[in-house]
Structures are given as C-alpha cells and as structure tokens.
Amino acid sequence: MGRAVMVGRGPTGAGALLLSILITLTAEGCRAQKGDGCGPSVLGPSSGSLSSLGYPRTYPNDTVCEWEISVPHGKKVHFRIATLDIEDSDCQVNYLRLFNGIGPKRTEIVKYCSLGLSVGGLINSSGHQVTVQFMSGTHQTGRGFYLSYSTSEHTDLITCLDKVTDFKEQEFSKYCPAGCLTSPQEISGTIPNGYRDSSPLCVAAVHAGVVSNAEGGRISVVTSKGIDRYEGTLANNVASTGGTLSDSLFTFKTSGCYGTLGLESGVVADTQLSASSVLEDDQRGQRRVWAPSGARLKREGLAWAPADNDQNPWLQVDLKRVKRITGIITTGSTLSQDKSYISAYKVLYSEEGRTWYTYTEGNSTTEKSFRGNNNFEDEVRNNFIPEINARYVRIKPTKRHSRGALKLELLGCPARARMHNPPPPPPRGTKRPPYLGQSTHTPNVRNTTMPPHTGKDIVLAAVLVPVLAMALTALVLTVVCAWRYRNRKESSEGAYDLPHWDGTDWWKSMKQLLPSKMVESEDSIRYSSSEVDRLTGRGVVPGLHAEPAARGAGPTTLANITAPGEYAQSLVSGVTTLGRRSTFKPDDGPAPELYDAPISPDVYHAYAEPLPSSGSEYATPIVVDMGLNPPSTVCSFKSAGPGSVHTWTDGAHSGKSSYDTPKNASEQVTPTEDLTYQVPQKSAQKSGGQS
C-alpha cells in the first residue's frame, strides 16, 4: 500500500489554482512521484495521467521528476502520449524516458525528445511496474509532455485531449484514464442536450457524471448534428462554458438511473424532511421561517437555512425505502434580496437511520468534499461514483455564504434486489453527527406504496395453481387427440386402394361383395363416401353406369378415352373413383353382343390389370341394381385382337346365351372338368339369384 505524493517547486499566481486540483490518492500498487519538475498528475491503481510542470506552458529549466507506477501482479502497463514538445535534438539534456521496473534494476523502454513530436500507438511495458522520468536542462521553448496510462486490458485507452472529431465512427466506446481534470482545455455544453464537438471527450464525461476523475472508466459516445447554442453549467467540479453553433455534438449512453427522487415534485412529503436547526428572522416586521420543507429545487419561497449559531448543520431526507442514489443538484436561496448559498458540503447516508457513513470517492479513505454553488441562483450537479444505496441522506454544509440557504433534488432510481452498502470506513470513520437528538421525529405513517405481506400459503398457491392448470390442459389435449385418432382409424377400416390389391384375388373378392346387376342412367353420377353412407341408410343405392359418348362420335373403345378419371366404377366400401388402370369404359348407342375374352399375354392395355401368372382370368361386367329395375346395361371390353369389341347382354336383349369359355393360344376352346363357366343371367331373375 503506497500513497501518491506530489513534490517539487510550485508555481505562483495563476499556477496555484492549477495545483489546487491535484488529487492525492491512496491505492494499492501505486508508488510515488519525486522531483521538482512534476506537473499535475493523478496516479490511480488502474489508470492515470501525468504531465510536466507548467504544462501547457513552457516547462522550467534544470528540473527533474520521476513517477513510479505499479499495477496489480499479472497485469502490464501501457502508455499513450497526448503531447510531446521537448526542446532537444539528441536527447542528452531534455528528454522523456520510460523504464521497465523500479529502482536500480530498471531497464529502458524508450526515450523521446523533439519539438512537436507525434507519437502514435501504445507503448507497452513487460511487467507490472514502470518508471517515467522527465529531465529538463537549459532551453528556450517547449511545452513539455502530457500522457496517460492504464492496465493492459484497456487496449482502447485514449488521452485526456482526444475529441470526438478524432474518430470517424458515429457511435463508439473508449476507455478514459483517471485525472483528466488536469487537462487545460475547456468544454461547452451539458447533459442531456449534448456537448460541442470541440470539447475533450474524457473531460466532458467527468462533467456528465459518466466516469470519475479519480478512477476513470469506459464511455459510450453517440454523435449527432450540432445545435445553435450550448449551455454552460457547473458539475462534478468541472465548469462548462456556453458555446455557439457547431457541425456536430456528442452525448453519452448511461445506465438511465438519473431520475429525480421526489423533492421537486412533492412525492417526498414535508414530514420526510428534517434538519439540525431552522433559521427564523424578521423582514419588515414579518416573521420568516427557513424550514426544511422549503428545501425543494425550483420551488418558490424560502429555502432551508440553519440557525446562525448552528456549527454543525445538516439537512436530512427520508426516502421511505432504500434507493439507488446517483447524484444531487443544489442551488442557493434563489432570492435576489437574500443572496445566500452553500459553497461546499459533505454527504452522509444510512439505511436504518442509526449508523451513518460519510461518502468517499473510489478507494480513498478521505471523506469527499463536494463543490457546491458559487452564487445563489445557478444549479450545480454532483454525481456519486460509486452510487449510494440508502434510505436516509444527509447534506452537511462545510462552507456557507451568508445564511447558507439550500434547495436540492436527489437523482437516482429504485434499488436493485439485495443491494448492500459499501463496507464501513476505516476505524477513524465519521461518527454520528452532533445535534442528532434535535432532528425532527419521523411520524409513523403507513407507506401505501409498499407491497403487502404475503404468507407461505399464498406463495404456495401462486406456484401450484399454474402447475395444475398446465397439467389439466395437457390431460384434455391427450384425451382429444386419442379420440380423434380412434375415429380416424375406425373410418379408415374397410377402405381399399384398388390399384394396390393383389392382381390374383381382387376380382374374386369384388364379385362376392357386389350384387349381380347395375342400372344404367343417362348421365354419369359420382358419389362421395358421405353420400354413399346417406343412401345406404335409406336402403336405396342408385345404379352406377358409364357416361354416354359425345353425340356423333365414332365407335367407343378404350383407346378413344383421353381422361382416365372419367370412368364409372362399382361402389365398393366408400371407393368412388377408379385409377388410371380401370378396365371399365362407358359406351353409347345400341348394345351389341359382347362377351368377355381373354387378353393376349403379349398385349397389355393401359386400362387393364396385368394377368397373373397362375392362370387366365377374365373380366366380367358388373351391374348393380339395388332398385330391382329391368337392367339395360351394356359394358364393352376390348379383346386381345386389334379392333375387336365383344359385348354381353342379358336375356332381355339377346335370344341366346353366351358362355365364357377359356381358350388356348390358337383361339380354340378347350373345356376341362376343372373350369367353371359363367352363365349370362336372365332378365326374369332377381338380383340375388344365380342360373
């Protein structure tokens, strides 16, 4: 553990103001700086900035300064130089040197000298310790140097002088080093309106409260078109000036936890404000009370002011619950006839109102003193980095102007779950402020914004009800799916795909299922499965017949048909259409004498089933006559011979009976005892009879 110490000769006059912002840090790994040529510097545990004495003016003659820097073990250091303007041509008298290590065993990394030298890129060390040495002799000009450093994981390190115009991207993220308030350049603008493009990025980031000057940090920048006028404000010890029109501006992406916490709007009631004392005075015979209830930003009327004899004044705000507090805005009396304000203050916080902590910055153990107002009317903002998590907040003025009037607003948002305060300060930490017993007692008012208490039964019900609902839904879906599957299976039973039946047995199966006759009508009829079921329920099934050929057409043969899907078929188990291999074809005109003839094994028509190898099978016309009407069906089949058509008719139209007789290859009838002949049916027979 070491402390960064500044030594050396200090300038007088205007230089004293510059040295007043030098920060002393106690941080693990940081060593010291020594010599009489050290300029404003901040040595942080993971980043920092250092410069020559007098920068950006000419550095003094015959001076020397060394900075010894250590970062945690396992990490390395890299540097980025913003300015290098050292008068010397051979680097013998005036120069800047960087070393690996500390002490007599250190080794040189690089040595620079020259006026206006531009050094691009990062300079890397080989270990976690480095030494920076600046030596000056007799010279006439030169501003010296200004550089930044960080640990090696921050490869996007920039300097405190970099501007948005140095980058081409419209949105980008960079790492700012600690100590950029040592930069001599000014900024213009404020949040949320934005900053002028001429403003240094890291200085503007400190002003916006995005990063801390003591520690640095990552920034996310967004650029956009410039505006006509930029506002100047004081925030986080950085004063921005007003600016005129520019080509572009930039703002920062933040966590969004910068809302007001209710003092100005009245969400925080008067009973939630208390103070160590209250000022009472008379003005033109009228008694005035500077009560805590007047400490509301942008509210007209008297502000809060402590009594004249109060040596340790404080103002307390009770937020009723723990919240994330990221900043504070203060102003003075805002009364032109009473120009009083607080120019410096400290912040104390507590979760339960008994144990109090004083805010410190970063790894420092020193209580931070916030810069307050420099007049009675302008607002001044200070951000808490890191943020505070507390219910109670106290503002303790340390420097007052006149009466020390105060109006304020707290910035923040609701606390995250399971947030805890930082560890307690060291043993010498601040005790409870005096005059604690004089604080206004907070009444026992029920906070209606708190969630109601919930017991274990309610929590258990909240878990079980959704689970049971999901289980019931799954059960219902399972039953419905099973029912639909069963219905689909039952409806599909008995349905046959004729083209895929066995070629040997399908015809015999059909003859057993169908009646012996069909009735021909004038027009073709097709039935869906639903229509067939309806007709069957009535006990009447209309006869199926073939469509008549177009008038004037020639003899009807299977070769004349161009649309295979237009053939009528027998009604079997809900099957209402035959495929391309159907052997039935409609005919027109008088019914000639037709009979079935075997198809030659050498010829296979497109509409005929291939003959099985087991033996000859002959197609038999099928007529369904469920209405018992005299049939007049004519079915035609094409024989194996070219151009021959054989017909079959019943006894009502033909005087003689024809029998289907198997023939051999020479077209001769060869009856045997094993053959069964089909006999044409007489018209007088019923549909169920056989001759």
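On a predicted model such as this, the values are computed, not experimentally measured, just so you know.

A.B. asks: Mind laying out the overall build of the chain, listing which residues take part and the relevant values?
C.D. replies: Scanning the chain for helices and strands turns up five helices and 31 strands. Looking at the 691 residues of the chain, the share that counts as buried comes to 43%. Restricting the contact set of the chain to residue pairs at least 6 apart, pairs at least 24 apart contribute 74%.

A.B. asks: So, unusual backbone geometry: which residues are in play, and what are the values?
C.D. replies: With an omega of 10 degrees, the peptide bond running from Tyr55 to Pro56 counts as cis. Relative to the helices and strands, Pro56 resides in the loop between β5 (47-51) and β6 (63-70). The residue after Ile191, namely Pro192, is reached through a cis peptide bond having omega 0 degrees. Looking at the element boundaries, Pro192 is found in the loop between β14 (189-190) and β15 (194-196). The phi dihedral of Cys91 is positive, around 55 degrees, even though this residue is not glycine. Inspection of the secondary structure assignment puts Cys91 in the loop between β7 (77-85) and β8 (95-100). Look at Cys91 and you get buried, because its relative accessible area is 12%. Although it is not a glycine, Ser402 adopts a positive phi angle of roughly 60 degrees. Relative to the helices and strands, Ser402 resides in the loop between β28 (380-401) and β29 (407-414).

A.B. asks: Requested: an account of the sheet that holds strand β4 (residues 42-43), with residues and values cited.
C.D. replies: Within a beta sheet, neighbouring strands are joined by backbone hydrogen bonds and run either parallel or antiparallel to one another. In spatial order, the strands read β4-β5-β12-β7-β10; together these five strands make up an open sheet with antiparallel pairing. What marks the edges here is a single partner per strand, and that holds for β4 and β10 (123-124). As paired strands, β4 and β5 are joined by two bridges and run antiparallel to one another. Its bridge partner being in β5, Val42 is matched across the sheet by Ser49.

A.B. asks: Give me the pattern of salt bridges: which residues, what numbers.
C.D. replies: A complete count under the given rule lists 18 salt bridges for this structure. Asp281 is paired through a salt bridge with Arg403; the nearest N and O atoms lie 3.1 Å apart. Of this pair, Asp281 sits in strand β22 (residues 279-283) while Arg403 sits in the loop between β28 and β29, and the two are 122 residues apart along the sequence. By relative accessible area, Arg403 is classed as partly exposed at 24%. Notably, a salt bridge pairs Arg391 with Asp318, separated by 2.8 Å at the nearest N-O pair. Of the two residues, Arg391 sits in strand β28 while Asp318 sits in strand β24 (residues 315-331), which places them 73 residues apart along the sequence. Note on Arg391: relative accessible area 22%, which makes it partly exposed. Salt bridges sharing partners connect three or more residues here, namely Asp281, Arg288, Asp338 and Arg403.

A.B. asks: Please provide a residue-by-residue account of helix α2 (residues 201-208), values included.
C.D. replies: Within α2, eight of the eight residues are buried, which leaves it mostly tucked inside the rest of the structure. The set of residues buried in α2 consists of Leu201, Cys202, Val203, Ala204, Ala205, Val206, His207 and Ala208. After α2 finishes, the residue Gly209 shows a positive phi value of roughly 80 degrees.

A.B. asks: Lay out the nonpolar core in plain terms, naming residues and giving numbers.
C.D. replies: Ranked by size, the top nonpolar core spans 28 residues in total, and within it Leu50, Trp67, Phe79 and Leu96 carry the most contacts. For this core, the secondary structure elements donating two or more residues are β6, β7, β8, β9 (107-112), β11 (129-136) and β12 (144-151). Considering each element in turn, this core owes the most residues, four residues, to β7. Here Leu96 is in contact with Ile81, Leu84, Ile86, Val110, Lys111, Tyr112, Val132, Gln133, Phe134, Phe145 and Leu147, once residues within four sequence places are set aside. Of all hydrophobic cores here, the second largest spans 27 residues; its members include Leu263, Ala275, Tyr349 and Leu410.

A.B. asks: Requested: an account of a negative patch on the surface, with residues and values cited.
C.D. replies: Together, Glu231, Glu264, Glu377, Asp378 and Glu379 line one region of the surface with negative charge. Examined against the element boundaries, Glu231 turns out to sit in the loop between β16 (217-225) and β17 (234-235).

A.B. asks: How would you explain a nonpolar patch on the surface if you had to name every residue and give the values?
C.D. replies: Nonpolar side chains collect at one region of the surface, where Leu472, Leu475, Val476, Val479 and Val480 lie side by side and expose about 450 Å² of accessible area between them. As for its placement among the helices and strands, Val476 is situated in helix α3 (residues 456-492). Given a relative accessible area of 47%, Val476 falls into the partly exposed group.

A.B. asks: Report on the state of the cysteines, specifying residues and quantitative values.
C.D. replies: Summed over the entire model, instances satisfying the criterion amount to five disulfides. Residue pairing for Cys176: its cysteine sulfur links by disulfide to Cys202, the two sulfurs lying 2.1 Å apart. Sign of the S-S torsion, about -90 degrees for the bond between Cys176 and Cys202, identifies this disulfide as left-handed. One end of the pair, Cys176, is in strand β13 (residues 171-176); the other, Cys202, is in helix α2, and 26 residues separate them in sequence. The buried category is assigned to Cys202, whose relative accessible area is 1%. Going through the chain in sequence order and numbering each bonded cysteine, the pairs you get are 1-2, 3-4, 5-7, 6-8, 9-10.

A.B. asks: Please give an account of the side chain of Asp88 that cites residues and values.
C.D. replies: Along the polypeptide, Asp88 turns up in the loop between β7 and β8. Lys111 provides the closest opposite charge to the buried, unpaired Asp88, separated from it by 8.1 Å. A polar side-chain atom of Asp88 sits 2.9 Å from the main-chain amide nitrogen of Asn94. With near-sequence residues (within four places) excluded, Asp88 lies in contact with Val93, Asn94, Cys113 and Ser114.

A.B. asks: Tell me about the confidence of the model for the chain, residues and numbers included.
C.D. replies: On average, residues of the chain carry a pLDDT of 74, and 60% of them reach 70 or more. Scored below 50 in pLDDT, residues 534-582 makes 102 contacts in the model with residues more than four places away or belonging to other chains. Below pLDDT 50 for its whole length, residues 631-659 participates in 79 contacts with residues either more than four positions away or in separate chains.

A.B. asks: Could you give an account of the environment of Cys91, with specific residues and numbers?
C.D. replies: Between the alpha carbons of Cys91 and Tyr112 there is a distance of 6.9 Å; along the sequence they are 21 residues apart. Non-local contacts of Cys91, meaning those with residues more than four positions away in its chain, are made with Lys111, Tyr112 and Cys113.

A.B. asks: I'd like a rundown of the sheet that holds strand β3 (residues 33-35), residues and numbers included.
C.D. replies: Ordered in space as β3-β6-β11-β8-β9, the five strands form an open sheet in which the pairing is antiparallel. Unpaired on one side and paired on the other, β3 and β9 mark the two borders of the sheet. Strand-to-strand twist across the sheet, computed as the mean angle between neighbouring axes with direction ignored, equals 15 degrees. Note: β8 against β9, five bridges, orientation antiparallel.

How each quantity is defined
- Residues numbered from 1 in each chain as written.
- Predicted model: local features only at pLDDT ≥ 70, side-chain atom pairs only at ≥ 80, totals over all residues.
- Heavy atoms only, no water.
- Helix = DSSP H or I, 4+ residues; strand = E, 2+ residues; numbered from the N terminus.
- Buried < 20%, exposed > 50% of the residue type's maximum accessible area, 1.4 Å probe, protein only.
- Contact = heavy atoms within 4.5 Å.
- Pairing = 2+ DSSP bridges.
- Salt bridge = Lys/Arg side-chain N within 4 Å of Asp/Glu carboxyl O.
- Core = buried A, V, L, I, M, F, W, Y, C linked by side-chain atoms within 4.5 Å.
- Patch = residues over 30% accessible without salt bridge, like charges linked within 9 Å, V, L, I, M, F, W, Y side chains within 5 Å.
- Areas by Shrake-Rupley, 256 points an atom, 1.4 Å probe, with all protein chains shown as cover.
- Lys, Arg positive; Asp, Glu negative; His and termini not counted.
- Charge placed at Lys NZ, Arg CZ, Asp CG, Glu CD.
- Disulfide = S-S within 2.5 Å.
- Polar contact = N/O pair within 3.5 Å; in protein donor to acceptor, adjacent residues only side chain to side chain.
- pLDDT = per-residue confidence, 0-100.
- Axes fitted to C-alpha atoms, helices over the stretch in contact; angles between N-to-C directions.

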